[in-house]
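The chain contents come next:
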Amino acid sequence: MLAAAPTQAPFIQLLDSDGVRTAHPTWDPWAQSVDQETLRGFYRDMTTARRLDDESTALQRQGELLLWVPLRGQEAAQVGAGRATRPQDYLFPTYREHAVALTRGVRIAEMLRVFRGISHGGWDPRTTGFHHYTMVLAAQTPHAVGYAMGMKRDQKGWDQARIEEEGGAVVAFFGDGSSSEGDVHEAMVFANSTNAPVVFFCQNNQWAISVPFEVQSKVPLVNRAAGYGMPGIRVDGNDVIAVHAVTRWALEHARSGKGPVFIEAVTYRRGAHTTADDPTKYRTQDEEQGWDEKDPLLRVERHLRANGTGQDFFGQIAADADVLAAELRATALAFPTPSLTDAFNSVYAEPHSLVSEELAWYQEYQAGFADRDEEGTQNRAEGTR
């Protein structure tokens with residue numbers, strides 16, 4: 001007899017695409033703190049993140065950045081989760097969590113140093129509880145578990161006083177593509193084995209670069225949680241209220257010593273995987289347009305307008321975002337032009353003989369071009385006589 005298909009976890013939604021707030025007996029208590037003023041703050045966060053994301057994309061297209069990783073469409077998942085964390089919690093991002101970074105006090109202008117190629121980080125995780133970006137898929141998930149184990153066993157972390165008084169938790173952010181990496185499996189096994197206070201937050205944006213989600217998994221990712229012995233929650237990742245509620249619960253569950261939690265936030269990457277990608281090669285315009293009405297900013301705006309928030313508020317938010325975008329651009333244009341020679345100095349903390357040898361070869365190689373330039377200049381000069 002064939003085994004029955006696994007039961008699908010409920011899909012949690014508290015704010016629908018029309019901006020209508022729906023009641024939920026289980027999750028409403030965890031969303032009580034999200035009043036109209038708080039929701040306006042969430043909207044400000046999401047709008048700011050999208051505006052700065054658009055500006056960063058433009059900077060890359062104009063040659064000021066080597067690469068940019070757009071977040072358009074995932075603002076609710078990131079702001080809802082980021083605003084659910086406490087100051088003493090520590091967050092491990094991938095390379096797309098720009099809106100989460102904003103909720104932790106990281107300036108996007110600092111992030112641009114990474115994408116300009118002049119820094120490995122750009123901000124200090126010890127003052128924000130927001131770790132540096134990880135460019136290798138899923139590599140941050142074992143690191144997150146290790147940090148959570150240390151936090152549990154030693155009651156230590158970046159915000160020592162609060163951890164000792166209130167406890168702390170870790171959030172590991174990753175995408176559906178990363179969920180296919182072995183690092184995620186190993187991290188989840190280790191997390192549950194050690195009862196580590198970590199929340200695995202997966203933004204399922206439907207595409208792992210050009211591979212659709214249904215190729216990666218035949219069942220919702222949340223179903224995997226049972227195999228690791230941890231609670232799993234499947235939430236509308238475009239609903240900032242629902243994301244905030246389930247993340248608050250998950251963090252409290254982890255922080256209170258009950259072990260790890262897995263969250264699958266179902267959302268959609270509206271733009272390219274990175275600015276080096278062309279999504280028109282692998283997905284249709286009809287598919288993209290099908291997500292237009294599910295836009296996370298649009299549904300919050302509809303809700304706020306229906307509950308008395310006027311145009312002045314939205315106009316001011318847009319104007320403030322434009323000011324921040326102008327500041328971002330000014331910062332980026334003032335960045336120095338990185339030198340490949342400088343890259344040799346940041347491979348190791350201390351001098352290394354192999355790196356020194358490679359640097360000497362590179363400098364000799366570059367000097368050869370200088371000789372040719374001088375010869376070419378001389379020949380041109382003689383040709384005009």
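Quick note: structure is the one above.
Residues numbered from 1 in each chain as written. Predicted model: local features only at pLDDT ≥ 70, side-chain atom pairs only at ≥ 80, totals over all residues. Heavy atoms only, no water.

Some remarks on the overall build of the protein chain
In terms of helices and strands, the protein chain carries 15 helices and eight strands. The C-alpha atoms of the protein chain give 24 Å as radius of gyration, which agrees with the globular expectation for 385 residues (21 Å, within 12%). By its C-alpha atoms, the protein chain is 90 × 55 × 50 Å across when sized along the principal axes. Within the span of the protein chain, comprising 385 residues, buried residues form 49% of the whole. Pairs at least 24 residues apart make up 74% of the contacts formed inside the protein chain by residues separated by at least 6 positions. (Helix = DSSP H or I, 4+ residues; strand = E, 2+ residues; numbered from the N terminus. Rg over C-alpha atoms; globule rule 2.2 N^0.38 Å. Buried < 20%, exposed > 50% of the residue type's maximum accessible area, 1.4 Å probe, protein only. Contact = heavy atoms within 4.5 Å.)

Focus on the nonpolar core
Residues Leu-112, Phe-130, Phe-201, Val-240 and Ile-263 are the most contacted members of the largest nonpolar core, which totals 66 residues. The greatest single-element share of this core, amounting to nine residues, is contributed by helix H10 (residues 240-255). With residues up to four places along the chain from it excluded, the contact list for Val-240 reads Leu-39, Phe-42, Met-46, Ala-76, Val-79, Gly-80 and Val-300. Judged by nonpolar contacts, the second largest core, of 28 residues, contains Tyr-90, Ala-144, Val-198 and Ala-225. (Core = buried A, V, L, I, M, F, W, Y, C linked by side-chain atoms within 4.5 Å.)

Notes on the pairing of strand E3 (residues 170-175)
Across the six residues that make up E3, a large majority, six, are buried. Alternating positions in E3 separate into two faces, Val-170, Ala-172 and Phe-174 on one and Val-171, Phe-173 and Gly-175 on the other, with burial throughout. Strand direction decides the pairing type here: strand E2 (residues 90-92) and E3, joined by three bridges, are parallel. When the sheet's bridge partners are listed, Tyr-90 is paired in E3 with Val-170. The pairing of E3 with strand E4 (residues 198-204) spans six bridges and is parallel. Within E4, the residue paired with Val-171 across the bridge is Val-199. In the classification by handedness, the crossover that spans E3, the intervening helix H7 (residues 182-194) and the parallel E4 is right-handed. (Pairing = 2+ DSSP bridges. Right-handed = clockwise from strand over helix to strand, strands pointing away.)

Some details on the side chain of Asp-45
If you trace the backbone, Asp-45 turns up in helix H1 (residues 36-61). Discounting chain neighbours no more than four positions away, the residues touching Asp-45 are Val-79, Arg-83, Leu-102 and Thr-103.

Regarding H10
Here H10 spans 22 Å end to end across 16 residues, near enough to the 22 Å set by a 1.5 Å rise per residue. With 13 of 16 residues buried, H10 lies mostly within the body of the structure. Structurally, the start of H10 carries an N-cap: the backbone nitrogen of Ile-241 is 3.1 Å from a side-chain oxygen of Asp-239. Positioned one or two residues after H10, Gly-257 has a phi angle of 90°, which is positive. (Expected span 1.5 Å × (residues − 1). Polar contact = N/O pair within 3.5 Å; in protein donor to acceptor, adjacent residues only side chain to side chain.)

Observations concerning the packing of H1 against helix H2 (residues 75-82)
Close contact between H1 and H2 brings their axes to 10 Å; oriented N to C, the two are set at 130°. By the angle between their directions, the pair H1 and H2 is classed as oblique. When the axes of H1 and H2 are compared, the crossing they make is right-handed. Within the contact between the two elements, H1 uses Phe-42, Asp-45, Met-46 and Arg-50 and H2 uses Glu-75, Ala-76 and Val-79. Its residues assigned to classes, the contact of H1 with H2 comprises four nonpolar, no polar and three charged. (Axes fitted to C-alpha atoms, helices over the stretch in contact; angles between N-to-C directions. Parallel < 35°, antiparallel > 145°, perpendicular 65-115°, else oblique. Left-handed = near helix turned anticlockwise from the far one by under 90°. Nonpolar A, V, L, I, M, F, W, Y, C, P; charged D, E, K, R; others polar.)

Remarks on the sheet that holds E2
With parallel pairing, the six strands of this open sheet are ordered in space as E1-E7-E8-E4-E3-E2. Two strands bound the open sheet, and with one partner strand each, they are strand E1 (11-12) and E2. Relative to strand E7 (residues 232-236), E1 is paired through two bridges, and the arrangement is parallel. Looking at the pairing, Ile-12 lines up with Val-235 of E7. Across the sheet, helix H5 (residues 140-154) lies against E2, E3 and E4, angled at about 170° from E3, the strand it touches most. Its contacts with the sheet place H7 against E3, E4 and strand E8 (261-266), and it is angled at close to 150° to E4.

Some words on the packing of H1 against H10
It is at 11 Å that the axes of H1 and H10 come closest, and there the two elements cross at 105°. In this view, H1 runs roughly perpendicular relative to H10, as classed from their interaxial angle. Across from Leu-39, Phe-42 and Met-46 in H1, the residues of H10 making contact are Val-240, Ile-241 and His-244. For the contact of H1 with H10, a count of residues per class yields five nonpolar, one polar and no charged.

Description of the environment of Gly-237
Within the element layout of this structure, Gly-237 appears in the loop between E7 and H10. The contacts of Gly-237, once residues within four sequence positions are left out, are Ala-76, Ala-77, Val-243, Ala-265, Val-266 and Thr-267.

Topic: unusual backbone geometry
Look at Ala-138: it is not a glycine, yet its phi comes out positive at around 70°. With respect to the helices and strands, the residue Ala-138 is situated in the loop between helix H4 (108-116) and H5. Take Ala-138: its relative accessible area is 1%, and that puts it in the buried class. Phi is positive for Gln-206, close to 80°, though the residue is something other than glycine.

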